[in-house]
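Fold and contact review
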Amino acid sequence: MRTVDQPRRGTGVEATIDSVFQMGSIAKVYTATLIMRLAESGRLDLDARTCS
């Protein structure tokens, strides 16, 4: 598998299948998507109280 980007631009190091990249804020998108899918399937109530 050939990659077309570099893990750290300007270093000249090519990305490989084992390269590690920073996630940054992308985890927020995955979390929000998971929450909305759970809500749509009825397994999570977005209007439920979080404390009593």
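Residues numbered from 1 in each chain as written. Predicted model: local features only at pLDDT ≥ 70, side-chain atom pairs only at ≥ 80, totals over all residues. Heavy atoms only, no water.

So, the overall build of the protein chain
Looking only at helices and strands, one finds 1 helix and 0 strands in the protein chain. Across the 52 residues in the protein chain, those meeting the buried criterion constitute 2%. By element, 55% of the accessible surface of the protein chain is carried by carbon and sulfur atoms, the whole surface being about 5,200 Å². (Helix = DSSP H or I, 4+ residues; strand = E, 2+ residues; numbered from the N terminus. Buried < 20%, exposed > 50% of the residue type's maximum accessible area, 1.4 Å probe, protein only. Areas by Shrake-Rupley, 256 points an atom, 1.4 Å probe, with all protein chains shown as cover.)

Considering helix α1 (residues 26–40)
Here α1 is 15 residues long and its end C-alpha atoms lie 21 Å apart, about the 21 Å a rise of 1.5 Å per residue gives. Of the residues flanking the end of α1, it is Gly 42, one or two places downstream, whose phi is positive at about 85°. (Expected span 1.5 Å × (residues − 1).)

Here we look at a nonpolar patch on the surface
A cluster of nonpolar side chains, Met 23, Ile 26, Val 29 and Tyr 30, forms an exposed patch at the surface whose accessible area comes to about 410 Å². If you trace the backbone, Ile 26 turns up in helix α1. (Patch = residues over 30% accessible without salt bridge, like charges linked within 9 Å, V, L, I, M, F, W, Y side chains within 5 Å. Salt bridge = Lys/Arg side-chain N within 4 Å of Asp/Glu carboxyl O.)

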